[in-house]
Amino acid sequence: MAEHGEEALPPEVVAALRRGRKLEAIRLLREQRGDLDLLEAKDTVESYLASHPELRPMRRPQEDAGLSRLLLITAAVFTIIAAWRWLRSG
């Protein structure tokens, strides 16, 4: 038997990995192979991903920018509320 990372995965499993759906890929692999338990399927998928880095999901810069924007807006709202309370109390 080939190393986990080197054995070919069914096309549906690889397609799920391309979509960034690792759990779906594990489920599909177990359904199609039938003889793998959950840990074996997980190890097989992770080994395949390790030997095929182009399939690993990457964070998109716009996701990071969206989070930064949300944190900035939240901080601004809290600052405004604190200033408003401070001004009302004085």
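Only a predicted model underlies this, so the values are computations on that prediction, with no experimental measurement involved. (Residues numbered from 1 in each chain as written. Predicted model: local features only at pLDDT ≥ 70, side-chain atom pairs only at ≥ 80, totals over all residues. Heavy atoms only, no water.)

1. Concerning a nonpolar patch on the surface
Together, Ile 73, Val 77, Phe 78 and Ile 81 make up a nonpolar patch on the protein surface, roughly 380 Å² of accessible area in all. By the secondary structure assignment, Phe 78 is in helix H4 (residues 61-89). By relative accessible area, which is 56% here, Phe 78 ends up exposed. (Patch = residues over 30% accessible without salt bridge, like charges linked within 9 Å, V, L, I, M, F, W, Y side chains within 5 Å. Areas by Shrake-Rupley, 256 points an atom, 1.4 Å probe, with all protein chains shown as cover. Salt bridge = Lys/Arg side-chain N within 4 Å of Asp/Glu carboxyl O. Helix = DSSP H or I, 4+ residues; strand = E, 2+ residues; numbered from the N terminus. Buried < 20%, exposed > 50% of the residue type's maximum accessible area, 1.4 Å probe, protein only.)

2. Structural notes on the packing of helix H2 (residues 22-33) against helix H3 (residues 38-51)
In the contact formed by H2 and H3, the axes pass within 9 Å of each other and the chain directions differ by 120°. Compared by their axis directions, H2 and H3 come out oblique. Note that H2 runs across H3; the crossing there is right-handed. Residues Lys 22, Ala 25, Ile 26, Leu 29 and Arg 30 of H2 lie in contact with H3, whose contacting residues are Leu 38, Ala 41, Lys 42, Thr 44, Val 45, Glu 46 and Leu 49. For the contact of H2 with H3, the per-class residue count stands at 7 nonpolar, 1 polar and 4 charged. (Axes fitted to C-alpha atoms, helices over the stretch in contact; angles between N-to-C directions. Parallel < 35°, antiparallel > 145°, perpendicular 65-115°, else oblique. Left-handed = near helix turned anticlockwise from the far one by under 90°. Contact = heavy atoms within 4.5 Å. Nonpolar A, V, L, I, M, F, W, Y, C, P; charged D, E, K, R; others polar.)

3. Brief notes about the confidence of the model for the protein
Scored by pLDDT, the protein comes out at a mean of 86, with 86% of its residues at no less than 70. Looking at the elements of the protein, mean pLDDT is at its lowest for H4, recorded as 86, and at its highest for H2, recorded as 95. (pLDDT = per-residue confidence, 0-100.)

4. A closer look at H2
The terminal C-alpha atoms of H2 lie 16 Å apart, and with 12 residues this matches the ideal 16 Å at 1.5 Å per residue to within 8%. If you check which residues of H2 are buried, you get Glu 24, Ala 25, Ile 26, Leu 28 and Leu 29. Looking at the buried side of H2, the elements it contacts are helix H1 (11-18) and H3. Phi for Gly 34, located one or two positions after H2, is positive at around 70°. (Expected span 1.5 Å × (residues − 1).)

5. Regarding the side chain of Glu 24
Here Glu 24 shows up in helix H2. By relative accessible area, Glu 24 is classed as buried at 19%. A distance of 2.9 Å separates a polar atom in the side chain of Glu 24 from a polar atom in the side chain of Arg 19. Glu 24 has contacts with Ala 16 and Arg 19, leaving out every residue within four places of it along the chain. (Polar contact = N/O pair within 3.5 Å; in protein donor to acceptor, adjacent residues only side chain to side chain.)

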